[in-house]
Amino acid sequence: MTDVTIFTRIINREIPATIIYEDDLCIVINDISPQAPVHMLVIPRQPIAKLADASVGNKPLLGHLLWVAGEVARQAGVEEAFRLVINNGQAAGQTVFHLHLHVLADRDASGTFSEANM
Ligand code: 5GP
């Protein structure tokens, strides 16, 4: 396999990361270069390159990823104010071609975000 991503290497414990949550379908890690006080990445174990590559059969997985995003937001105490971002394609800012959801929030959940660049 030629397209092993950095996220697959994190999932396989070949590269260290702060793992917030994991289950049989996905992991959640802290972003190495946070764009907000809370910046987590929800990553499916299945290495779908980008959202638009997901198949009809991936619909349950995609729903699960959304649920997990809400769950880790609750765990982080930011359930009243957070954003989800998915960059699809290089021109949209995607740099790691392994589907992932950015969960972004201010720690105080005040409703204003310290960064608006994602
Ligand atoms: P994208 O630009 O593809 O939507 O998001 C990729 C994200 O992965 C970026 O926010 C980047 O900071 C993060 N990232 C890239 N490499 C690593 C890594 O090795 N560890 C962690 N924790 N995050 C990473």
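Look up: the structure comes first, before these words.
Here the structure is a predicted model, which means the values were calculated and not measured. (Residues numbered from 1 in each chain as written. Predicted model: local features only at pLDDT ≥ 70, side-chain atom pairs only at ≥ 80, totals over all residues. Heavy atoms only, no water.)

Caption draft 1: Looking closely at the site of the ligand. For the ligand, the set of nearby residues contains 16 residues, the closest of which are Asp31, Asn87, Thr95, His100 and His102. Take Asp31: an N or O atom from its side chain is 2.5 Å from an oxygen atom of the ligand. Contacts to the ligand include Gly93, whose backbone N or O atom sits 2.9 Å from an oxygen atom. When each cavity is represented as a set of grid points, the ligand is found to reside in the largest pocket. Taken together, the elements giving at least two residues each to the shell around the ligand come down to helix H1 (6-11) and strand E2 (26-30). Ranked by residues supplied to the shell around the ligand, first place goes to H1 with three residues. Grouping the amino acids of the shell around the ligand by side-chain chemistry returns seven nonpolar, eight polar and one charged. (Near = heavy atom within 4 Å. Polar contact = N/O pair within 3.5 Å; in protein donor to acceptor, adjacent residues only side chain to side chain. 1 Å grid on protein atoms, 1.4 Å probe; cavity = no way out; pocket = protein on both sides within 12 Å on 5 of 7 lines; lining within 4 Å. Sits in = over half its atoms within 2 Å of the grid points. Helix = DSSP H or I, 4+ residues; strand = E, 2+ residues; numbered from the N terminus. Nonpolar A, V, L, I, M, F, W, Y, C, P; charged D, E, K, R; others polar.)

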